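# Inside the fold
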Amino acid sequence: MAVQSDVVDDAGPYDRAKALSAFKLGDVTFYWITRLSAISVLLILGGIIISLIVGAFPAMKEYGLSFLWTQRWAPSADPPVLGALGPMYGTLVTSFIAMLIAIPVGLGIAIFLTELCPQWLRRPIGMAVELLAGIPSIIYGMWGFFVLGPFLANTFQPFMIRVFDGVPVLGAIFAGPPSYLSLFNAALILAIMVLPFITSISVDVFKTVPPVLKEAAYGVGCTTWEVVRSVVIPYTRVGIIGGVMLALGRALGETMAVTFIIGNSFRISSSIFAPGTTISAAIASEFAESDGLHQSGLILLGLLLFVLTFFVLAAARLMLLRLEQKAGK
Amino acid sequence: MNPIYARRRRKDIVIRGLCIGAAAFGVTWLALILMTLLYNGLSGLNLQVFTENTPPPGSTEGGLLNAIVGSLIMTVLGVGIGAPLGLFAGTYLAEYGRNDKLTSVIRFINDILLSAPSIIIGLFIYGAVVVPMRGFSAIAGSLALAVIVIPVVVRTTEDMLLLVPNPLREAASALGLPRSLVIKRIAYRAARSGLITGVLLATARVAGETAPLLFTALSNQFFSLSLNKTMANLPVTINNFVQSPYAYWKQLAWSGALLITLTVLALNIGARIIGAERTAK
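Fair warning: this is a prediction, and the values are worked out from it, not measured in the lab.

On a plain count of helices and strands, chain A comes out with twelve helices and zero strands. Computed over C-alpha atoms, the radius of gyration of chain A comes to 26 Å, more than 25% over the 20 Å expected from 2.2 N^0.38 for 329 residues, which places it beyond the range of a compact globule. The principal-axis extents of the C-alpha atoms in chain A amount to approximately 95 × 70 × 35 Å. Looking at the 329 residues of chain A, the share that counts as buried comes to 51%. Counting contacts in chain A only where the partners sit at least 6 residues apart, residues at least 24 apart contribute 74% of the total.

Structure follows, in structure tokens:
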């Protein structure tokens, strides 16, 4: 202990008051360093909001609320016409399809890991799923562009188009020429990317179920599925929803993977095999070459995305918090 | 057998099968992605990649040296700025403000920043750093990465410090150790492997980040160590090369992608091993 050894060195009638005041100074300094660092987290959030609003202000003034329901995106027209409908539609549709795929699969893996899996396999599979979360999103984008896209365009899409041809509604959803770049491909990549979030949170909340409850259900003769459906899922429902919302927040804001394979088309098409765009993809592909009103419009898109994800993530956290409190009791 | 039993059993078996299928589905993707990367990346991975700068369009000579060095510099700077801030902030949440109203607000906001879209961070740094400095720069890129590092480190630091048993702190305080030294000498030491895990995970998170660098550090075709100019970096270089028509650029992009993925996975696994040692003790 450095400070104490100082005191011992000049021992004798050592100066107690001096040592204590040195302690005191160090104490106060350290307290304020940590406190200011903690407050800087709030400042970052404030900075994000302010800088987005400042940047988006010209576009807000120019387009007002009509920005939200204009489909046309013509930044090089004079004056530029900008509307957020295309990217907003793409963001919501891709995230929706992604969740449709990722929720059942993610929960399935979680059930497998907590109820079915032999002990020795638990760690490797859990690790593999969590490593999926570690792969950078640009890698998913490349992989989607070179491997998944061609596969879907050559095999899966023609099949779906043939099967649903002529069926009302579904026929329109699965219509159009097969394409490497489409909303559906982006959604599938998103599903793979958010899978680990759903799985790891579900595994965590499944572990909060008291073993006694499960044992009682098995004791009266329930099958594994009945235990999961009637005991585990009702007990952890809030936590699962929280995890799903967290994954949704990720999916809404995911950028690079989507930019590669969505095709960057601002036109809204009824088919999910058609190219589209999302808010983040639009920003990523156009921002560096934009200026003036075009740039401001892109920042306004960013502001919309931030507000959207903020509410989704806040709801997710509140739900998970509620479950934590329940578990703490 | 009673037909109801038979039906329940059938249903159970079907669902179990589906769960096993789901797990296989998840593992398959990881395997497929890694195999594609190894297949496409390994063939182009040679010494040239590490010793020469990115080639001009059409050339078939060159490597990724400037991008690798740039990525290293910006990642180190980003973690160097973000990690101490995050460590101190996490310390406040866990040690001083445990029952504070401010703490619960900060924790909540931090959790939201943790999953905020990284492209938004890029827009923020563009507005806050690039515009006032009148130009894209490596320092802007590092700051963007730092903003991503902070919430990760805050979260892990707080969690790890909360795991340190209170009697340790009380014993130190009873010996007359002032509060700041209790934290630095006792709590940090007890939680050390957890804290390192957090920093490693944060490094892994930013090592492959592309979106926040697209319009902060931009990229640079040449070798540059200057912090107030644009700087080459692996993710943006990959992004530009993949979409190019030149076969050699694409080859380099795959090699770069393999490098990044292996680095990130190694960091992740390393963090887990260090974290596991702690729980094993």
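Right, let's get into the UniProt feature "transmembrane region" (unreviewed entry) in chain B. Annotation from UniProt places "transmembrane region" (unreviewed entry) at residues 20–42, 62–87, 108–129, 135–154, 194–218 and 252–271 of chain B. Summarising residues 135–154 of chain B: 85% helix, 0% strand, and an end-to-end C-alpha distance of 30 Å.

This brings us to the pattern of salt bridges. Two side chains that carry opposite charge are able to pair once their charged atoms sit near each other. Residues and elements named next belong to chain B. Here the structure, examined in full by the defined rule, presents ten salt bridges over all chains. A salt bridge links Arg16 to Asp12, with the nearest nitrogen and oxygen atoms 3.1 Å apart. Of this pair, Arg16 and Asp12 both sit in helix α1 (residues 3–42), four residues apart, roughly one helical turn. The exposure class assigned to Arg16 is partly exposed, which follows from its relative accessible area of 36%. The exposure class assigned to Asp12 is buried, which follows from its relative accessible area of 8%. The residue Glu95 makes a salt bridge to Arg169 at a minimum N-O spacing of 2.8 Å. A residue pair is termed long-range when its members are at least 10 positions apart, and Glu95 in helix α3 (residues 65–96) and Arg169 in helix α7 (residues 166–174) qualify at 74 residues. Each member of the pair, Glu95 together with Arg169, is buried.

It is worth spelling out the domain arrangement of chain B at this point. All names here are of chain B. Structurally, chain B comprises domain 1 (3–43) and domain 2 (49–276). The distance between the C-alpha centroids of domain 1 and domain 2 comes to 33 Å. When the buried surface of domain 1 facing domain 2 is broken down by residue, Leu37, Asn40 and Gly41 rank first, second and third, together holding 64% of it. On inspection of domain 1 and its partner domain 2, the count reaches zero salt bridges. Where domain 1 touches domain 2, the interface holds two residue pairs in polar contact (both at pLDDT 80 or more).

With that settled, the discussion passes to a nonpolar patch on the surface. Residue and element names in this part refer to chain A. A grouping of Ile49, Ile53, Phe57 and Met60 is seen on the molecular surface, where their side chains present a nonpolar patch of about 320 Å² in accessible area. By secondary structure assignment, the location of Phe57 is in helix α2 (residues 16–63). Look at Phe57 and you get partly exposed, because its relative accessible area is 46%.

Let's shift gears to the UniProt feature "domain: ABC transmembrane type-1" (unreviewed entry) in chain B. When the UniProt feature table is mapped onto this chain numbering, "domain: ABC transmembrane type-1" (unreviewed entry) sits at residues 68–271 of chain B. Split by type, residues 68–271 of chain B is 78% helix and 0% strand. Its first and last C-alpha atoms lie 22 Å apart.

Once that is clear, we can look at unusual backbone geometry. Among all residues save glycine, negative phi is the norm, and among peptide bonds the norm is trans. With phi around 50°, Asn264(A) is a residue other than glycine that occupies positive phi space. Note that Asn264(A) resides in the loop between α10 (256–261) and α11 (279–286). On the basis of relative accessibility, which here comes to 31%, the residue Asn264(A) falls in the partly exposed class. Phi at Arg134(B) is positive, roughly 55°, even though this residue is not glycine. Note that Arg134(B) resides in the loop between α5 (118–133) and α6 (138–163). For Arg134(B), a relative accessible area of 77% gives the class exposed.

What follows deals with the environment of Asn154(A). All names here are of chain A. Considering the arrangement of structural elements, one finds Asn154 in helix α5 (residues 137–164). You can call Asn154 exposed: its relative accessible area is 56%. Taking the C-alpha atoms as reference, Asn154 lies 17 Å from Ser271; in sequence the two are 117 residues apart.

Bringing the interface of chain A and chain B into the picture now. A common way to express how large an interface is: the accessible area buried when the components associate. Taken together, the contact between chain A and chain B spans 77 residues of the former and 80 residues of the latter. Interface area for chain A against chain B, summed over the two sides, is near 7,300 Å², with a carbon-plus-sulfur share of 80%. On the chain A side of the contact with chain B, Phe30(A), Trp143(A) and Arg317(A) bury the most area, a combined 9% of that side's loss. In this structure, the connection of chain A to chain B is made through three salt bridges. Arg317(A) is the salt-bridge partner of Asp111(B), the closest N and O atoms lying 3.9 Å from each other. At the surface where chain A touches chain B, the tally comes to twelve residue pairs in polar contact (both at pLDDT 80 or more). If one sorts the elements of the side of chain A that touches chain B by residue count, α2(A) sits on top with 20 residues. Partitioning the side of chain A that touches chain B into residue classes produces 52 nonpolar, 18 polar and seven charged.

On the surface, a cluster of positive charge is made up of Arg229(A), Arg7(B), Arg10(B) and Lys11(B). The biggest single contributor to the positive patch is α1(B), with three residues. With respect to the element layout, Arg7(B) can be found in helix α1.

Turning our eyes to something else, we now look at the nonpolar core. If you look at the biggest cluster of nonpolar residues, it comprises 179 residues, and the most contacted ones within it are Ile48(A) and Tyr140(A). Among the elements that make up this core, the one with the highest residue count is helix α7 (residues 183–206) of chain A (17 residues). Mapping this core onto the domain boundaries places at least three of its residues in each of domain 1 (3–43) and domain 2 (49–276) of chain B. Apart from residues lying up to four places away in sequence, Tyr140(A) is in contact with Leu132(A), Ile135(A), Ile189(A), Ile192(A), Met193(A), Ala257(A) and Ile33(B). With five residues, the next largest nonpolar core counts Phe23(A), Ala172(B), Leu177(B) and Leu181(B) among its residues.

So, on to α7(A). Residues and elements named next belong to chain A. Under the 1.5 Å per step criterion, the end-to-end length of α7 is 33 Å for 24 residues, consistent within 8% with the ideal 34 Å. Roughly 35° is the biggest bend found in α7, and it falls at Val194, with proline Pro196 one to four residues downstream. For α7, the buried fraction is high: 21 of the 24 residues fall into the buried class.

Residue and element names in this part refer to chain A. Relative to the assigned elements, Leu298 resides in helix α12 (residues 292–328). Taking relative accessible area as the criterion, Leu298 reaches 0% and is therefore assigned buried. When neighbours within four sequence positions are excluded, Leu298 is seen to be in contact with Trp73, Ala282, Ile283, Glu286, Phe287 and Ser290.

Basis of the calculations
Residues numbered from 1 in each chain as written. Chains lettered and ligands numbered in written order. Predicted model: local features only at pLDDT ≥ 70, side-chain atom pairs only at ≥ 80, totals over all residues. Heavy atoms only, no water. Helix = DSSP H or I, 4+ residues; strand = E, 2+ residues; numbered from the N terminus. Rg over C-alpha atoms; globule rule 2.2 N^0.38 Å. Buried < 20%, exposed > 50% of the residue type's maximum accessible area, 1.4 Å probe, protein only. Contact = heavy atoms within 4.5 Å. UniProt positions renumbered as here; feature names shortened; annotations may be inferred. Salt bridge = Lys/Arg side-chain N within 4 Å of Asp/Glu carboxyl O. Domains from an automatic or database assignment. Buried area = accessible area lost by both parts, 1.4 Å probe. Polar contact = N/O pair within 3.5 Å; in protein donor to acceptor, adjacent residues only side chain to side chain. Patch = residues over 30% accessible without salt bridge, like charges linked within 9 Å, V, L, I, M, F, W, Y side chains within 5 Å. Areas by Shrake-Rupley, 256 points an atom, 1.4 Å probe, with all protein chains shown as cover. Nonpolar A, V, L, I, M, F, W, Y, C, P; charged D, E, K, R; others polar. Lys, Arg positive; Asp, Glu negative; His and termini not counted. Charge placed at Lys NZ, Arg CZ, Asp CG, Glu CD. Core = buried A, V, L, I, M, F, W, Y, C linked by side-chain atoms within 4.5 Å. Expected span 1.5 Å × (residues − 1). Bend = angle between axes of the 7 residues up to and from the residue.

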